Amino acid sequence: MEIMLIAVVSPVILCEWQLENWQVALVTTMVFFGYMVFSILFGLLADRYGRWKILLISFLWGAYFSLLTSFSPSYIWFVFLRTMVGCGVSGHAQGLIIKTEFLPTKYRGYMLPLSQVFWLTGSLLVIGLASVVIPTIGWRWLIRITSIPGIVLTVAFMVTKLMGSLLASPPAGPVALLPHRYLSHVHLSPYFIPESARFNVSTGNTQAALVTLECIAKMNRSVMPEGKLVEPILEKRGRFTDLLDAKYLRTTLQIWVVWLGISFAYYGVILASAELLERDLVCGSRSELEVVVTVGVSEESQSPCHCQVFAPSDYQTMIISTIGEIALNPLNILGINFLGRRLSLSITMGCTALFFLLLSICTSSAGLIGFLFTLRALVASNFNTIYIYTAEVYPTTMRALGMGTSGSLCRIGAMVAPFISQVLMSASFLGALCLFSSVCVVCAISAFTLPIETKGRALQQLK
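Residues numbered from 1 in each chain as written. Predicted model: local features only at pLDDT ≥ 70, side-chain atom pairs only at ≥ 80, totals over all residues. Heavy atoms only, no water.

## Notes on the overall build of the protein chain
The helix and strand inventory of the protein chain stands at 21 helices and zero strands. The buried share of the protein chain, taken over its 463 residues, is 48%. The contacts of the protein chain with a sequence gap of at least 6 include a subset with a gap of at least 24, amounting to 82%. Surface summary for the protein chain: the accessible area is close to 21400 Å², and the carbon and sulfur share equals 70%. (Helix = DSSP H or I, 4+ residues; strand = E, 2+ residues; numbered from the N terminus. Buried < 20%, exposed > 50% of the residue type's maximum accessible area, 1.4 Å probe, protein only. Contact = heavy atoms within 4.5 Å. Areas by Shrake-Rupley, 256 points an atom, 1.4 Å probe, with all protein chains shown as cover.)

## What about the packing of aromatic side chains?
Taken as a whole and assessed by the stated rule, the structure comprises 21 aromatic pairs. Members of the aromatic cluster, each reached through a chain of ring pairs, are Phe32, Trp259, Tyr266, Tyr267, Phe383 and Tyr387. Lying over the aromatic face of tryptophan 141, arginine 144 brings its terminal NZ or CZ to 4.8 Å of the ring centre. Residue placement shows arginine 411 over the ring face of tyrosine 35; its charged tip is 3.9 Å from the ring centre. (Phe/Tyr/Trp six-rings, centres within 6.5 Å; stacked < 30°, edge-to-face > 60°. Lys NZ or Arg CZ within 6 Å of the ring centre and 35° of its normal.)

## A few points about the nonpolar core
If you look at the biggest cluster of nonpolar residues, it comprises 59 residues, and the most contacted ones within it are Phe356 and Leu359. Where this core is concerned, the elements lending two or more residues are helix H2 (21–49), helix H5 (93–102), helix H14 (249–279), helix H18 (341–358), helix H19 (365–393), helix H20 (399–427) and helix H21 (429–448). The greatest single-element share of this core, amounting to twelve residues, is contributed by H19. Listed in part, the 26 residues of the second largest apolar core include Met4, Leu5, Val8 and Val79. (Core = buried A, V, L, I, M, F, W, Y, C linked by side-chain atoms within 4.5 Å.)

## Some remarks on unusual backbone geometry
For glutamine 18, which is not a glycine, the phi torsion comes out positive at approximately 50°. Relative to the helices and strands, glutamine 18 is located in the loop between helix H1 (2–16) and H2. Although it is not a glycine, arginine 221 adopts a positive phi angle of roughly 55°. Note on placement: arginine 221 falls in the loop between helix H12 (206–219) and helix H13 (240–243).

## Some details on the pattern of salt bridges
Within this structure, the stated rule accounts for six salt bridges. Close ionic contact of arginine 399 with glutamate 101 constitutes a salt bridge, the shortest N to O distance being 2.4 Å. One end of the pair, arginine 399, is in helix H20; the other, glutamate 101, is in helix H5, with 298 residues separating them in the sequence. For the pair arginine 399 and glutamate 101, a shared accessibility class is recorded, and that class is buried. (Salt bridge = Lys/Arg side-chain N within 4 Å of Asp/Glu carboxyl O.)

## Examining the side chain of arginine 82
Position of arginine 82 relative to the elements: it lies in helix H4 (residues 75–89). Those residues in contact with arginine 82, other than ones at most four positions away along the chain, are Glu2, Leu5, Val27, Val31, Ser66, Thr69 and Ile143.

## Description of the environment of alanine 46
Within the fold, alanine 46 resides in helix H2. Along the backbone, alanine 46 and leucine 401 are 355 residues apart, and their C-alpha atoms lie at a distance of 7.5 Å. In contact with alanine 46, other than residues within four places in its own chain, are Arg51, Ile54, Gln94, Phe199 and Ala400.

## Points about the environment of glutamate 101
Residue glutamate 101 is classed as buried on the basis of its relative accessible area of 5%. Sequence separation between glutamate 101 and serine 196 is 95 residues, and the spatial gap between their C-alpha atoms is 6.5 Å. With residues up to four places along the chain from it excluded, the contact list for glutamate 101 reads Arg51, Ser196, Arg198, Phe199, Thr396, Arg399 and Leu459. At 2.4 Å, the side chain of glutamate 101 forms a polar contact with the side chain of arginine 399. (Polar contact = N/O pair within 3.5 Å; in protein donor to acceptor, adjacent residues only side chain to side chain.)

This is the structure:
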């Protein structure tokens, strides 16, 4: 939701504070910078102190600074506060880690890609709200409204934790007199989102892991198997050097290359759309493109202030392109589960490279939009697969750090993309497309030659 929120708010603040284009772009860059720095930090902390705590902190942090942004008195404050939001959002990846560590091996390839549907829902919600809120009560109220989910999640985390603590150690007094059946729902779910049982076992907290697993068994109307949870306790956890250990060195380096390239291509497609549509004017479809390019541009938008407030049709275009991100989700799920993570990723990366080159073909407006739609679907599939692979390939003791460092490098690609899409593409259109395509080819080769295939592989606890 964060990047989509900035996308719909940017035209408004551009006019309100009379900003230059590079100042608007700086907002997105600083969000990525905050994400890049704190992604590694949160990964280290999550491997040492737990995924649940970091997830709670990230929700609280993100909601707090997002709400403060709506009161920004100036552009400088806006940039600073959105940077802080980016720092908090970087911890949300721990939710995927928890989900990965709970899912059985045979279901991970099906359930994890479905997370993209909720990502899409959040983006569509922001676009829909923006089309109603910004023209009526302004962008500040849009930011306040979009802060509500983070606030609700934070409250849910804290309330269920408190109720779980009361059940575990009932205090004396009126609360202790409550019949146990009234607290049975708490017993079934001591936390809104429980701590990873794998993490608890790896730290020696087998009792907490058993409580969580027993709750899950009751929810599924099943019983716990007999036996004890036994696992060596490791004091050294979440160390950066573990990622570069001989066993994982090649995997880590190739994963970093893929993450950087996928992010570079994803944000490159988004940011290059305007430049690509403008180029299509040369191909003889000017009358069609003028509708796309000038839609929503009034006399006010042509003022010296260069205000370009979105029209209803602009929001519709954003919705269509966003929906494209799940167009290949069914095929992506089939590829992940039947072809494997490596082969599936190398195929979609190779197709991404091909479609970047196809953009150089002189075509109609509809054809160009079709290419862009397909590219959005491909790069979203790439993200799905690499998220799953990264969460599966590392052991529990370094899984969050592995995801954190990968997410950090991902933001480097995102910060470089604007200079290629909006600067190099203006100077050399074909050169920019060839660069995007070349990076995707390198990523495809890197994905295909990854040393470990995680399809059907149980999650590793120890290095």
